[in-house]
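Structural characterization, general
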Amino acid sequence: HLSASIANASWGTLISQLKYKCAWYGKRLIIIDPKNTSRICHECKQKNNEFDSLSQSEWLAAREWDCPNCHAHLDRDVNAAKNILAKGLETLA
Ligand SMILES: [Zn+2]
């Protein structure tokens, strides 16, 4: 698939540039698996399975959500960022 291969090439280029810059500045680049980082509640670490039945556009339109497990009110992007940070810190531990 052409658009997928272009997207993959862009990611590959971005990652190699980030590796170069990190090495230049003596920093460590941590690449994490983004799977479910938007769907796991940062507060209680449970995956919200209510999203599984949504179409992709419905899912992308969900900017804020309430955790069905602990009832935390979550901003989609802030929640995902916290999960990504936590995954990064796990790899350092
Ligand atoms: Zn929760």
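Residues numbered from 1 in each chain as written. Predicted model: local features only at pLDDT ≥ 70, side-chain atom pairs only at ≥ 80, totals over all residues. Heavy atoms only, no water.

Before going further, it helps to examine the pattern of salt bridges. Under the criterion given, the structure shown has three salt bridges. Between Lys-47 and Asp-52 there is a salt bridge, and its shortest N-O distance comes to 3.3 Å. With relative accessibility at 44%, the residue Asp-52 sits in the partly exposed group. As a salt-bridge pair, Asp-77 and Arg-63 come within 2.7 Å of each other at their nearest N and O atoms. Of this pair, Asp-77 sits in helix H3 (residues 76–92) while Arg-63 sits in the loop between helix H2 (56–61) and strand E1 (64–66), placing them 14 residues apart in sequence. Residue class for Asp-77 comes out partly exposed when judged on its relative accessible area of 44%. Using a relative accessible area of 41% as the deciding quantity, one classes Arg-63 as partly exposed. What you see here is one network of salt bridges that share partners, running through Arg-39, Lys-47 and Asp-52. (Salt bridge = Lys/Arg side-chain N within 4 Å of Asp/Glu carboxyl O. Buried < 20%, exposed > 50% of the residue type's maximum accessible area, 1.4 Å probe, protein only. Helix = DSSP H or I, 4+ residues; strand = E, 2+ residues; numbered from the N terminus.)

To continue, consider the domain arrangement of the protein chain. Domain annotation for the protein chain reports domain 1 (1–29) and domain 2 (32–93). Measuring from the centre of the C-alpha atoms in domain 1 to the corresponding centre in domain 2 gives 24 Å. (Domains from an automatic or database assignment.)

Donor atoms from the polypeptide that coordinate the zinc ion comprise Cys-41 (SG), Cys-44 (SG), Cys-67 (SG) and Cys-70 (SG), at 2.3 Å from the metal. Geometry at the zinc ion is tetrahedral, judged from the four donor atoms that bind it and their angles of 106 to 114° at the metal. Linear spacing of the donor residues for the zinc ion on their chain is C-x2-C-x22-C-x2-C. Placement of the pair is Cys-41 in the loop between helix H1 (2–24) and H2 and Cys-67 in the loop between E1 and strand E2 (73–75), with a sequence separation of 26 residues. The class of Cys-41 is buried, set by a relative accessible area of 0%. Judged by its relative accessible area of 2%, Cys-67 falls in the buried class. (Donors = N, O, S within 2.8 Å, 3.2 Å for Na, K, Ca; no water. Tetrahedral: all angles 85-135°; square planar, octahedral: opposite > 155°, others 65-115°.)

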